[in-house]
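Observations on the three-dimensional arrangement
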Amino acid sequence: MNRSQLLYAGKAKSVYRSEVPEELIVSFRDDITAFDGGKKDIIVGKGAFNARISAFFFSYLEEHGIPTHFIRMTDERTMVVRELTMIPLEVIVRNRAAGSIVRRYPFQEGQVFSPPVIVMDYKDDTRHDPMINEDLICALGLLTREEIQTIRKLALTINRHLTDLFSNKGLDLIDFKIEFGRSGDKILLADEISMDSMRLWDRETGASLDKDVYRFDKGDVLSAYAQVVKMMVPEGYGV
Ligand code: 5GP
């Protein structure tokens, strides 16, 4: 597949126009960043692990009725996706308290949220992705109230599917971040679902198997990502 024009280079992925109208090419790079870009490295092989698990989750969710942007993989780090108008929100589902929610509010690390808590951040690096609420989302013209409800429902359904998949393998999904885009009046799941954008704890040992390994120098991040892919993605899946 020929890549043409680079449309966008994020912190860990690059997006290219493809030869096919309304399809884009997403390349998962080996760059890893944390703390608003304050910590940066290249972990060779990371991009392929994140691409593989994202593709697997997108396909799984699509089979279970969640519309996604995913079309197919073309190589181990590259996927073809539907072109969407991205909604600049980070939708974070939290099953247990960890990370920024513990720093900002009086929750205990690991405290269970039942029902899960959904937090939305406004995606804007220059403003450090501030937390946003329903009134602000509507005032900014990002979504209607009905669309916010649609996204909340999708996020909770995605959480149920992912939580079950991980739980069957002895992993606890603590939280994750997803993003959505529009195609006409449809809202689709987009971006990625990977170890870069979730917290996963081994139920037995409590060990992190996600980007916290990198953020807090907890060990070998590539081995952690490899372990999750090996546990979650069936042999022979993908390219
Ligand atoms: P926190 O708000 O605790 O920093 O993050 C909550 C969850 O969302 C974590 O799993 C974290 O990895 C994910 N997350 C939050 N912001 C971002 C972001 O800008 N990029 C990515 N990839 N994940 C994020």
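Residues numbered from 1 in each chain as written. Predicted model: local features only at pLDDT ≥ 70, side-chain atom pairs only at ≥ 80, totals over all residues. Heavy atoms only, no water.

**Considering the environment of Pro-234**
Filter applied, for reference: Numbering of helices and strands runs from the N terminus; a helix is a DSSP stretch of H or I covering at least four residues, while a strand is a stretch of E covering at least two. Under the scheme applied here, a residue whose accessible area is under 20% of the maximum for its type counts as buried, over 50% as exposed, and between as partly exposed, the area being computed with a 1.4 Å probe on protein chains only. The criterion used for residue contact is that any of the two residues' heavy atoms lie within 4.5 Å.
Locating Pro-234 in the fold gives a position in the segment after helix H6 (221-232). By relative accessible area, which is 41% here, Pro-234 ends up partly exposed. With 10 residues separating them in the primary sequence, Pro-234 and Ala-224 have C-alpha atoms 17 Å apart. In this structure, Pro-234 is in contact with Arg-52 and Phe-56, ignoring residues within four places of it in sequence.

**Side note on the domain arrangement of the protein**
Which entries qualify depends on this criterion: Segment limits for the domains were obtained from an automatic or database-derived domain assignment. The term buried area denotes the loss of accessible surface (1.4 Å probe radius) that occurs when two parts are joined, taken as the sum for both partners. Counted as salt bridges are all cases of a side-chain nitrogen of Lys or Arg within 4 Å of a carboxyl oxygen of Asp or Glu. Here a polar contact means two N or O atoms within 3.5 Å. Within protein one must be a hydrogen donor candidate and the other an acceptor candidate, and residues neighboring in sequence count only if both atoms are side-chain atoms. Charged means Asp, Glu, Lys or Arg here, nonpolar means Ala, Val, Leu, Ile, Met, Phe, Trp, Tyr, Cys or Pro, and polar covers whatever is left, Gly included.
Each assigned domain of the protein is listed with its residue range as follows: domain 1 (5-82) and domain 2 (85-220). For domain 1 and domain 2, the distance between their C-alpha centroids amounts to 17 Å. Between domain 1 and domain 2, the contact holds 27 residues from the first and 25 residues from the second. Buried surface at the junction of domain 1 and domain 2, both sides included, amounts to about 2,400 Å², of which 64% is carbon and sulfur. For the pair domain 1 and domain 2, the number of links is five salt bridges. Here Lys-11 makes a salt bridge to Asp-125, at a shortest N to O gap of 3.4 Å. Taken together, the connections running from domain 1 to domain 2 amount to 16 residue pairs in polar contact (both at pLDDT 80 or more). Elements with a minimum of two residues in the side of domain 1 that touches domain 2: strand S4 (31-34), strand S5 (39-42) and helix H1 (46-63). Residues belonging to the side of domain 1 that touches domain 2 are distributed by class as follows: 13 nonpolar, six polar and eight charged.

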